[in-house]
Amino acid sequence: MTAAVRVPEELSARVPAEQRGSGRDRDSVRLLVSRGIEVSHHAFVELPRQLRAGDLLVVNTSATLAAAVDGRIGHARVVVHFSTRGDDGRWAVELRDPDGRGTTRARAGGPAGTEVRLAGGVRLLLEDPLTPRSPRLWWGRVSDPDVPGLLRRHGRPIRYSYTERDQPLSVYQTVFALPSADGSAEMPSAARPFTAHLVAELVSRGVQFAPITLHTGVASAEAHEPPYPERYEVPEASARLINAARAGDGRIIAVGTTAVRAVESAVGSDGVVRGRKGWTDLVVTPERGVRVVDGLLTGLHEPEASHLLMLEALSGRAAIERSYGEALRGLYLWHEFGDVHLILPEEHPHAEHCASNCR
């Protein structure tokens, strides 16, 4: 999808689906289904009819953090977005300026030695850029090591300017989220439309679920940077489910780009997925290809977003351009509260799929 394509502002989902009218629930969104260049339009509640017995949905159990905290640098107000906890106890953070409308605007990162005063007498000291390619995010050391407690007491969900108003943290949790000391700075949003009822219907039809965890960091809405390292875990039990489905007639459908990144990070050179945890810096591109995942349920991404390379790795550039053109013509809604896109393979057999996608 070329950067020349623009998403009209009116197609930004400003509030969650369940707040757009009476009788609506999270699953009251639209579902765009693409198989190669063939595109069809559905309601999300029709998802069970798009899948079949033996298919396996890989879902992210990471809970969303109240990752935005107010602070001050001298007399200036700032908002700190807590992105990722490092192994040494530091946190990758992004500093942003309040915009006076309840949201924020981009701010230059650093410099080293900057001290931010947070609520409760807590101090944040910026030390190093996250990576040489990402000066927007910095490693910072917090004077109180109980950052999860700080976020629970004083944090709120990260909110971007296209949304209409602040929402409670519960709005940003998916049905698959599990309590944890760690979590995601921003919601693993592809799973947001799932409800307990829909999950039960999928299970009754023979669709299986494999939980993984990937704690996603702050998005790059302004910079469109490549993904940076994130903490993940593919449990051994989920690895066995994935391998068994691949050995049979099941398709591996990732729910969200985070699930793709985790699973593709856990596959060996022999094509076998193994239980694994740690950090992944994997970037899935058409050149790298996909080795495990057959399909993807995902939101609609901005034209310059690096996630589109992952989508192209699954189904090719022509297919993605066709489906996004249909989404624009059909007035689908973008962003975390918006509609979703199900990418399915044209052909089922894993051997043929791998032969065309693996590198």
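Quick note: structure is the one above.
Residues numbered from 1 in each chain as written. Predicted model: local features only at pLDDT ≥ 70, side-chain atom pairs only at ≥ 80, totals over all residues. Heavy atoms only, no water.

Applying the stated criterion across every chain yields a total of 25 salt bridges. Put simply, Glu18 and Arg192 hold a salt bridge, and the shortest N to O gap is 2.6 Å. Of this pair, Glu18 sits in the segment before β1 (30–35) while Arg192 sits in the loop between α2 (147–154) and α3 (196–204), and the two are 174 residues apart along the sequence. Notably, a salt bridge pairs Glu46 with Arg49, separated by 3.9 Å at the nearest N-O pair. (Salt bridge = Lys/Arg side-chain N within 4 Å of Asp/Glu carboxyl O. Helix = DSSP H or I, 4+ residues; strand = E, 2+ residues; numbered from the N terminus.)

Next up on the list: the environment of Ala185. Residue position: Ala185 is located in the loop between α2 and α3. A sequence separation of 101 residues divides Ala185 from Thr84, and the C-alpha atoms of the two residues are 7.3 Å apart. Among all residues touching Ala185, those that are not within four sequence positions of it are Thr64, Leu65, Ala67, Phe82, Ser83, Ile158, Thr216, Gly217 and Val218. (Contact = heavy atoms within 4.5 Å.)

Counted at 1.5 Å a residue, the expected span for helix α4 (residues 236–247) with its twelve residues is 16 Å, and the 17 Å between its end C-alpha atoms agrees. For α4, the set of buried residues is Ser238, Ala239, Ile242, Ala245 and Arg246. The arc that holds the buried residues of α4, viewed along the axis, is 130°, so those residues lie on one side. Residues of α4 that are exposed and point over 90 degrees away from its buried face: Arg240, Ala244 and Ala247. (Expected span 1.5 Å × (residues − 1). Buried < 20%, exposed > 50% of the residue type's maximum accessible area, 1.4 Å probe, protein only. Arc of directions from axis to C-beta.)

Once that is clear, we can look at the nonpolar core. The biggest cluster of nonpolar side chains holds 40 residues, and the ones touching the most others in it are Val58, Val234, Ile242, Val273 and Trp334. The set of elements that each furnish at least two residues to this core consists of β3 (56–60), β11 (208–215), β12 (230–234), α4, β13 (252–255), α5 (257–265), α6 (307–315) and α7 (317–329). Sorting elements by how many residues they give to this core places α6 first, with five residues. Apart from residues no more than four positions distant in its own chain, Ile242 is found in contact with Leu56, Val58, Ala210, Ile252, Val263, Val273 and Val292. (Core = buried A, V, L, I, M, F, W, Y, C linked by side-chain atoms within 4.5 Å.)

This part covers the sheet that holds strand β15 (residues 295–299). With respect to topology, nine strands assemble into an open sheet ordered β2-β1-β16-β15-β13-β3-β11-β12-β14, the strand pairing being mixed. Among the strands making up the open sheet, the edge pair consists of β2 (38–43) and β14 (276–280). Averaged over neighbouring strand pairs, the angle between their axes works out to 20° when direction is ignored. (Pairing = 2+ DSSP bridges. Axes fitted to C-alpha atoms, helices over the stretch in contact; angles between N-to-C directions.)

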